[in-house]
Amino acid sequence: MSVGTIRTRMIVLGTAALLVAACGGDDDTNTGDGPGTNDTVAEDDDTPQENEQAEAVTLVLQTFGDFGYDAAIEEFEELNPHITVDHQRMGELRDFAPQLAQWIAAGSGAGDVVGLEEGILLQYIENPDGFLDLFEYGAEELEGVYLDWKWERGITEDGRLIGLGTDVGGLAMCYRADLFEEAGLPSDREEVSALWPTWDDYLEAGRQFRDSGADAAWLDSATGVVQPYVMQNSDVFFYDTDGQFIGDTNPVFREAWDFGLNLAEEDLTAGLITWSDEWTAGFQASDFATRPCPSWMTGAIEDRAGDAHAGAWDVASIPGGAGNWGGSYLGVPAQTEHPQEAYELAKFLTSPDGQLHAFEAMGGMPSSLEGLSDPRFTETTNPYFRDAPVGEIMAATVTELEPIHLGALHQQTWENVFEPAMQRAEAGTESSDDAFQSAVGEAETLQ
């Protein structure tokens, strides 16, 4: 749920029927031969009543942020009464990732099932021994369930499956419709989408907003545009396919850096640090009017902006076309004492039904073909965002994508090196060029 990995080369999903066709055109996929939405630890004709006779098991599930799993866990426990799920929410990704790395290295401390953001997953794809190969526990049955690129991302070079896909981060732009109206800009989501087909158009709209005298910034932070811009326009980010650092020579990344800081120079950003307390306060104080918004961000906005701003936010298309930003996986650490049960929990939570529970709870977009074509997704509207048809808006961005190569150190390079450097430049404590060169030097030491 935070850093993206995919850029689009085509904008598709004209209708949900396309996805249904991709799934084989049959609405009843729970045949017992594949990962239907009610698969559980029970095998063949076992029933929940029979499972009550099994040995009691407690599984620890560790996630970061909000995966929206409460309803899915409740259903899993009802179907498997001998299993109790201890769901441990481990704070934000930047808090959880280093803890998990320590636990994996030590061979103890990690949960039976853990959340892996895509940028973090790549570290373990290159060094997978701390995780079980889920193919050994029956995961062959899941091939064809997910978007191809999502499934393939969880497989190591030597053919081990260490992660099952949860959500994907179809891109959109969230905006404050009431602030747009006050500034004399259109507030209808279709008119807003037409306002910014390109990022240059987005900049021009921001100038109009600023010049209206609006008592808010156009964007929360200069850093907020970097991920979607690069995901839309490049095949690589900080590292090439040989693992070599190219952040200093990737022209698309430098364009994104310069574009974000140009927004700041034109007094269009609020200078807030994403995921900080000040960022949350900025939502509550109406300090900014737009925010690039992958599907999982809708839940984060609602949580931070609160009930007072229900109906103020809306969702439009993102400048520059479609794309993907973020999405996560579930993995099973090798240290688990309950490998089969842990696999079954991960399978259930990432099943179409589990993904739809999560979508309804916090906006995470399904990565399964069945979930993407289900009316619970395609026909849903979000009342917090003025009944925006979020499924329709975001689904068009992820069905035909080719992966952008990130590299094992991507997350660390962005969150610990370039993002803080860009924040210094935005705050005016360092020039853009000096901050960039400082970050390049620091990133080169990571390898």
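For the structure itself, look to the data block above.
Residues numbered from 1 in each chain as written. Predicted model: local features only at pLDDT ≥ 70, side-chain atom pairs only at ≥ 80, totals over all residues. Heavy atoms only, no water.

J.: So what's going on with the pairing of strand S3 (residues 83-89)? Residues and values would help.
T.: When strand S2 (residues 57-63) meets S3, the two strands line up parallel, connected through 7 bridges. If you follow Val60 over to S3, its bridge partner there is Asp86. Of the crossover connections in this fold, the one passing from S2 over helix H3 (residues 70-79) to the parallel S3 is right-handed. (Pairing = 2+ DSSP bridges. Helix = DSSP H or I, 4+ residues; strand = E, 2+ residues; numbered from the N terminus. Right-handed = clockwise from strand over helix to strand, strands pointing away.)

J.: Which residues make up the packing of aromatic side chains, and what are the values?
T.: Per the counting criterion, the structure on display carries 40 aromatic pairs. Considering the side-chain rings of Phe283 and Phe288, the 4.9 Å spacing of their centres and the 70 degrees angle between planes classify their relative orientation as edge-to-face. A single burial state applies to Phe283 and to Phe288, both of which are buried. Just above the ring of Phe436 sits the side chain of Arg254; from NZ or CZ to the centre is 4.2 Å. (Phe/Tyr/Trp six-rings, centres within 6.5 Å; stacked < 30°, edge-to-face > 60°. Buried < 20%, exposed > 50% of the residue type's maximum accessible area, 1.4 Å probe, protein only. Lys NZ or Arg CZ within 6 Å of the ring centre and 35° of its normal.)

J.: With reference to specific residues and values, describe the pattern of salt bridges.
T.: Tallied over the full model, the rule gives 21 salt bridges. Note that Arg254 and Asp258 form a salt bridge whose closest N and O atoms lie 3.0 Å from each other. Taken together, the positions of Arg254 and Asp258, both in helix H11 (residues 251-265) and 4 residues apart, correspond to about one turn of that helix. Across the pair Glu360 and Arg376 runs a salt bridge whose closest N-O atoms are separated by 3.0 Å. In this pair, Glu360 is assigned in helix H15 (residues 352-362) and Arg376 in helix H17 (residues 375-378), connecting sequence segments 16 residues apart. For Glu360, a relative accessible area of 46% gives the class partly exposed. (Salt bridge = Lys/Arg side-chain N within 4 Å of Asp/Glu carboxyl O.)

J.: Describe unusual backbone geometry, naming the residues involved and giving the relevant values.
T.: A positive phi angle, close to 60 degrees, is found at Asp267, a residue other than glycine. Secondary-structure assignment places Asp267 in the loop between H11 and helix H12 (277-284). Here the phi dihedral of Arg386 falls at roughly 55 degrees; this positive angle occurs in a residue that is not glycine. Position of Arg386 relative to the elements: it lies in the loop between H17 and helix H18 (390-395). By relative accessible area, which is 28% here, Arg386 ends up partly exposed.

J.: Describe the sheet that holds strand S10 (residues 313-316), listing the residues and the values that go with them.
T.: Strand order across the open sheet formed by 4 strands is S8-S9-S7-S10, with mixed pairing between neighbours. This sheet does not close on itself; its edge strands, each paired only once, are strand S8 (217-219) and S10. Averaged over all adjacent pairs, the angle separating strand axes in this sheet is 15 degrees, with direction ignored. As judged from the 4 bridges shared by strand S7 (residues 173-176) and S10, these two strands associate in the antiparallel manner. (Axes fitted to C-alpha atoms, helices over the stretch in contact; angles between N-to-C directions.)

J.: So what's going on with the pairing of strand S12 (residues 328-331)? Residues and values would help.
T.: Strand residues, when the strand is regular, have side chains that alternate between the two faces of the sheet. Because side chains alternate across S12, one face comprises the buried residues Ser328 and Leu330, and the other comprises Tyr329 and Gly331, equally buried. Of the pairings in the sheet, the one linking strand S4 (residues 113-117) to S12 comprises 4 bridges and is antiparallel in character. When the bridges of S12 are listed, Gly115 appears paired with Leu330. Summarising the sheet, strand S5 (residues 164-165) and S12 pair through 2 bridges and their orientation is antiparallel. By the bridge assignment, Leu164 is partnered in S12 with Leu330.

J.: Kindly report on the nonpolar core, identifying the contributing residues and their values.
T.: Core analysis: the largest hydrophobic core is formed by 87 residues, its most contacted members being Trp218, Phe253 and Phe418. With 8 residues, the top contributor of residues to this core is H11. Both domains that furnish three or more residues to this core are identified here as domain 1 (3-168 + 327-373) and domain 2 (171-323 + 387-444). Discounting residues that sit within four places of it in the chain, Phe418 has contacts with Phe238, Phe245, Phe253, Trp257, Thr413, Phe436, Ala439, Val440 and Ala443. (Core = buried A, V, L, I, M, F, W, Y, C linked by side-chain atoms within 4.5 Å. Domains from an automatic or database assignment. Contact = heavy atoms within 4.5 Å.)

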